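Listed below, chain by chain, are the residues.
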Amino acid sequence: MRLAYAGPLPETVGFLLVPGFSMMAFFSAVEPLRIANRISGRPLFDWTLISESGGPVTASNGMTLMSDQAIGEVHHLPSLAVCSGFAPEAHLSRPLMAWLHRLDQAGCVLGGLDTGCFLLAAAGLLEGERVTLHWESLPAFRERFPGVPTSDELFELGRRRFSCAGGAAAMDMALEVIGRRHGARLAVDVSEQLIHERIRTRSDQQRMTLARRLGTHKRHLVEAVALMERHLEEPLSLAEVARRGGVSPRQLQRLFDQELGCSPRHYYLRLRLERARRLLDETELDILSVGLACGFTSSSSFSRAFRGFYGHSPRQARRGPG
């Protein structure tokens, strides 16, 4: 979605639906546009649903949407949002990559909802562009595409690229676009129709504060978990976590037992293995590289820990154990 638009109305937005796309992010982006049309009494926006084959596409929730066009039928668009979900790169074919490049060369503004930027980056279309993704996918994206600048903002609106964290963040991005195009009053009216009490800015946090996520305001515990989250690739010793958090190892153990119901060692291992699972789902990194990115020194130690926690190997997880 362009920062500025001077073309004819309605402004057409294309949505490329990739198998397994996030239905929540898609509807959150489309519904504000529909409501803006209704409230304004004129067609400000139009949209078209596109798939590689032109056939129906099934979302991650199992629901299926019909597409309006195949990629071969679309030669020009003001903007295109790539809508994807888990394992996005599995669906990047040569014809799709060539089509994205043709649109870019024709002046189309390209963007990603949720994990859509994986496809744009894999196609080589994000050079020098700052993007954001869902907080759960950001570590995998940074590991896979270290040369692409990222942020943990709700959305990014650039001159030639846009992106959002998915979910309700797509609604905030659409409201921002409506406000820039057609005035803040219309954006507020659309937000109220959506029972969306506050239009969040791009700099609003994606996640709850750590204290709210943990369900405790014990400062030493919150600081210890924050340290763990920042040191997944090169884990700290628990003695070092305790020292930096200003408590003794025994106090740290007691805090985790009382507040989180597990040991600090178990909690730290779970954080590292959860990141590993996301890397297996969302990237094509080999097993050893995933293990190293999560603080394991060998593929065997990583596989043992993963199997002990999840009941199956990393390789089985990548195949989809069900």
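Counting from 1, residues in each chain are numbered in the order their sequence is written. Where local features are concerned, this predicted model is filtered to residues with pLDDT of at least 70; where side-chain atom pairs are given and counted, the filter is 80 or more; whole-chain, interface and lining totals use all residues. Think of the side-chain values as coming from all heavy atoms in the structure, minus any hydrogens and water.

## Considering the overall build of the protein
In step 1: From N to C terminus, the protein includes 14 helices and eleven strands.
In step 2: Atoms counted for the radius of gyration: C-alpha only. Globule rule: 2.2 Å times residue count to the power 0.38. Computed over its C-alpha atoms, the radius of gyration of the protein comes to 22 Å, within 12% of the 20 Å expected for a compact globule of 322 residues.
In step 3: By principal-axis analysis of the C-alpha atoms, the protein measures approximately 65 × 45 × 35 Å.
In step 4: Exposure categories follow from relative accessible area, calculated using a 1.4 Å probe and restricted to protein chains: below 20% of the type maximum is buried, above 50% is exposed, and the middle band is partly exposed. Burial status across the protein gives 50% buried among its 322 residues.
In step 5: Put simply, of all contacts in the protein between residues at least 6 apart along the chain, 64% involve residues at least 24 apart.
In step 6: When the accessible area of the protein is evaluated, it comes to approximately 15100 Å², of which 50% is carbon and sulfur surface.
In step 7: Residues scored as positive are Lys and Arg, those scored as negative are Asp and Glu, and His as well as the terminal groups of each chain are ignored. All charge positions are set by atom: Lys at NZ, Arg at CZ, Asp at CG, Glu at CD. Looking at the protein, you have 39 positive and 34 negative side-chain charges, and the mean spots of the two groups are 5 Å apart. Each helix is a run of H or I in the DSSP string that is no shorter than four residues. Each strand is a run of E no shorter than two, and both are numbered from the N terminus. Residues are treated as being in contact if the distance between any of their heavy atoms lies within 4.5 Å. Using a 1.4 Å probe, the Shrake-Rupley method yields the accessible areas, and only the shown protein chains count as cover for residues.

## Digging into the pairing of strand β1 (residues 11–17)
In step 1: Across the seven residues that make up β1, a large majority, six, are buried.
In step 2: A pair of strands is treated as paired once DSSP finds two or more bridges between them. With six bridges connecting them, β1 and strand β2 (residues 45–51) associate as parallel partners. Each bridged residue has a counterpart across the sheet, and for L16 the counterpart in β2 is I50.
In step 3: We call a crossover right-handed when, viewed with the strands running away from us, the connection from the first strand over the helix to the second turns clockwise. Handedness of the crossover joining β1 and β2 through helix α1 (residues 23–40) is recorded here as right-handed.
In step 4: Bridging between β1 and strand β6 (residues 79–84) involves five bridges; their strand directions are parallel. Bridge pairing in β6 links L16 to V82.

## Some points on the sheet that holds strand β5 (residues 69–70)
Within a sheet, each strand pairs with its neighbour through backbone hydrogen bonds, oriented either parallel or antiparallel.
In step 1: Spatial strand order, β5-β2-β1-β6-β7-β11-β10: seven strands in an open sheet with mixed pairing. The two strands at the open ends of the sheet, each matched to only one other strand, are β5 and β10 (155–157).
In step 2: To obtain each axis, a line is fitted to C-alpha atoms, and for helices this fit is confined to the stretch in contact; angles are then taken between N-to-C directions over 0 to 180 degrees. Against the sheet, α1 touches β1, β2, β6 and β7 (109–114), its axis set at about 150° to β2.

## Examining the environment of C117
In step 1: Mapped onto the secondary structure, C117 falls in helix α3 (residues 116–122).
In step 2: Taking the C-alpha atoms as reference points, C117 and V57, 60 residues apart in sequence, are found 19 Å from one another.
In step 3: Discounting residues that sit within four places of it in the chain, C117 has contacts with G112, L126, V131, T132, L133, F141 and S163.

## Topic: the layout of surface pockets
In step 1: In the cavity and pocket records, a cavity denotes points on a 1 Å grid over the protein atoms alone where a 1.4 Å probe fits but cannot get out, a pocket denotes an open set with protein on both sides within 12 Å along at least 5 of 7 lines, and lining residues are residues with an atom within 4 Å of a point. Grid points are joined across faces, edges and corners, and a volume is the space filled by probe spheres set on the points. In this structure, the second largest pocket encloses a volume near 200 Å³.
In step 2: Around the second largest pocket sit F86, A87, E89, A90, L280, D281, E282, T283, E284, A317 and R318, which together line it.
In step 3: Of all elements in the fold, only α11 (264–282) and α14 (314–319) reach the threshold of two or more residues within the lining of the second largest pocket.
In step 4: Of the residues contributing to the lining of the second largest pocket, the split by class is five nonpolar, one polar and five charged. For this classification, Asp, Glu, Lys and Arg are treated as charged, while Ala, Val, Leu, Ile, Met, Phe, Trp, Tyr, Cys and Pro are nonpolar and the rest, including Gly, are polar.

## Let's talk about the nonpolar core
In step 1: Counting 44 residues, the largest nonpolar core has L16, I50, L80, W99, L126, F141 and F302 as the members making the most contacts within it.
In step 2: For this core, the secondary structure elements donating two or more residues are β6, α2 (94–105), α3, α4 (138–144), α11, α12 (287–293) and α13 (299–310).
In step 3: Ranked by the residues each element gives to this core, the list is headed by α3, at five residues.
In step 4: W99 has contacts with L16, I50, I71, V74 and L80, leaving out every residue within four places of it along the chain. Take the buried residues of types Ala, Val, Leu, Ile, Met, Phe, Trp, Tyr and Cys, join any two whose side-chain atoms come within 4.5 Å, and each joined set is a nonpolar core.

## Focus: α13
In step 1: The end-to-end C-alpha distance of α13, which contains twelve residues, comes to 16 Å, matching closely the 16 Å that a straight helix rising 1.5 Å per residue would cover.
In step 2: For α13, the set of buried residues is S301, F302, A305 and F306. Seen along its axis, α13 keeps its buried residues to an arc of 130°; they face one direction. Opposite the buried face of α13, at more than 90 degrees from it, the exposed residues are R304 and G308.
In step 3: Positive phi shows up at G311, right after α13, with a value of about 85°. Helix span, expected: 1.5 Å multiplied by one less than the number of residues in the helix. The directions considered for the arc are those from the helix axis to the C-beta atoms.

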